[in-house]
Amino acid sequence: MEKRALTRDEIGTEALEVAIAAAQAAGDCVLRFFQQGQYWTHSKQDTSLQTAADTAAEDIILRMLRQAFPDHTLHSEERGTLPSLKRSPYRWSIDPLDGTENFVLGIPYFSSCLTLYYQQWPSLAVVYNPVTAELYTAQRGKGAELNGQPLHLSRQRELQRSRVFFIPDFVTKRQPRTVRLRESLYRQCRRVLDTWSPALDWCLVASGKVDLVVTFA
């Protein structure tokens, strides 16, 4: 009997389960490297760092996604785009170690992240902090959760009382407009944070602990 094609809702349910398992497995792999002090690195072309933990965790995620969804396109932070044999509206974006600079410096603030897109629109996302065992999940139309509990944004509306994450990238961080924006935020906000792990920064905003993120599109 021919296998029935899964609906989008069914794919979404299975995808979330696989994404959670993959993020946790990859995060635990990264944590083992971190606890053992294995910080071997080399610089990529954009001057960002890559470690043995990045590639080991990436292998885990790619293997689990390929096994579960062989028709989906995969795009990884370390290896770029890995197309499937069949044309699919689904594409995974993977960062096995977000916060590599922190990892290398021995700062316990990093995560493993996966996002599933359907026809260019984000459908679900998972961010796992292996140090604290915090699992952030989000689904389009269903909100975001931390370890299964619903998250809510901050209600702070006054910039002077706001805690803000500022996230420039390697290209823009020294440009005059970036410097001006950073200085303006420092003058106007209660606290401006630059923690080198954007995924967890966004999660803290989603949880209402930080008020907003400022970055360049």
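Residues numbered from 1 in each chain as written. Predicted model: local features only at pLDDT ≥ 70, side-chain atom pairs only at ≥ 80, totals over all residues. Heavy atoms only, no water.

Enquirer: Could you give an account of the packing of aromatic side chains, naming the residues involved and the relevant values?
Expert: How two aromatic rings sit relative to each other is set out by the distance from centre to centre and by the angle between their planes. Using the criterion set out here, one finds five aromatic pairs in the structure. Seen from their ring centres, Phe103 and Phe110 are 5.6 Å apart, and the 80 degrees between their planes marks the pair as edge-to-face. Judged by relative accessible area, Phe103 falls into the buried class, the value being 0%. Members of the aromatic cluster, each reached through a chain of ring pairs, are Phe34, Phe103 and Phe110. (Phe/Tyr/Trp six-rings, centres within 6.5 Å; stacked < 30°, edge-to-face > 60°. Buried < 20%, exposed > 50% of the residue type's maximum accessible area, 1.4 Å probe, protein only.)

Enquirer: Describe helix α5 (residues 198–206), naming the residues involved and giving the relevant values.
Expert: If you check which residues of α5 are buried, you get Ala199, Leu200, Asp201, Cys203, Leu204 and Val205. The elements touched by buried residues of α5 are β5 (90–98), β6 (111–118), β7 (121–129), β8 (134–139), β11 (163–167) and β13 (212–215). Directly beyond the C-terminal end of α5, a positive phi value near 85 degrees is found at Gly208. (Helix = DSSP H or I, 4+ residues; strand = E, 2+ residues; numbered from the N terminus. Contact = heavy atoms within 4.5 Å.)

Enquirer: Describe the pattern of salt bridges, naming the residues involved and giving the relevant values.
Expert: Under the criterion given, the structure shown has three salt bridges. Notably, a salt bridge pairs Arg79 with Asp59, separated by 2.2 Å at the nearest N-O pair. Here Arg79 is found in the loop between β3 (73–76) and β4 (80–82), whereas its partner Asp59 is found in helix α2 (residues 52–68), with 20 residues between them in sequence. Through salt bridges with shared partners, a single network forms among Glu58, Asp59 and Arg79. (Salt bridge = Lys/Arg side-chain N within 4 Å of Asp/Glu carboxyl O.)

Enquirer: Report on the nonpolar core, specifying residues and quantitative values.
Expert: By size, the foremost hydrophobic cluster in this structure holds 35 residues, and its most contacted members are Leu65, Trp92 and Phe103. Looking at this core, the elements with two or more residues in it are α1 (8–35), α2, β5, β6 and β7. The leading source of residues in this core is α1, at 14 residues. If sequence neighbours within four positions are ignored, Phe103 has contacts with Val30, Phe33, Phe34, Gln38, Tyr39, Thr51, Ala53, Leu97 and Phe110. If you look at the next biggest cluster of nonpolar residues, it comprises 15 residues, including Tyr136, Ala199, Cys203 and Val205. (Core = buried A, V, L, I, M, F, W, Y, C linked by side-chain atoms within 4.5 Å.)

Enquirer: Any chance you could break down the environment of Pro83 for me, citing the residues and the numbers?
Expert: Structurally, Pro83 is set in the loop between β4 and β5. Linking Pro83 and Lys173, residues 90 residues apart in sequence, is a C-alpha distance of 32 Å. Excluding residues within four positions of it along the chain, Pro83 makes contact with Arg66 and Thr73.

Enquirer: Go over the sheet that holds β6, please, and point to the residues and values.
Expert: In spatial order, the strands read β4-β3-β5-β6-β7-β8-β9-β10; together these eight strands make up an open sheet with mixed pairing. Because the sheet does not close on itself, it has two edges, and the strands there are β4 and β10 (149–150). For β6 and β7, the ladder comprises seven bridges, and the chain directions are antiparallel. Looking at the pairing, Tyr118 lines up with Trp121 of β7. Across the sheet, α5 touches β5, β6, β7 and β8, and the angle it forms with β7 is around 100 degrees. (Pairing = 2+ DSSP bridges. Axes fitted to C-alpha atoms, helices over the stretch in contact; angles between N-to-C directions.)

Enquirer: So what's going on with the sheet that holds β11? Which residues, and what values?
Expert: Pairing in this open sheet of three strands is parallel, and the strands run β12-β11-β13 from one edge to the other. Each edge of the open sheet carries a strand with a single partner, namely β12 (191–193) and β13. Sheet twist, expressed as the average angle between the axes of neighbouring strands with direction ignored, equals 30 degrees. As paired elements, β11 and β13 share four bridges and run parallel to each other. Residue pairing in the sheet places Ile167 in a bridge with Thr215 of β13. Set on the sheet, helix α4 (residues 176–188) makes contact with β11, β12 and β13; between it and β11 the angle comes to about 170 degrees.

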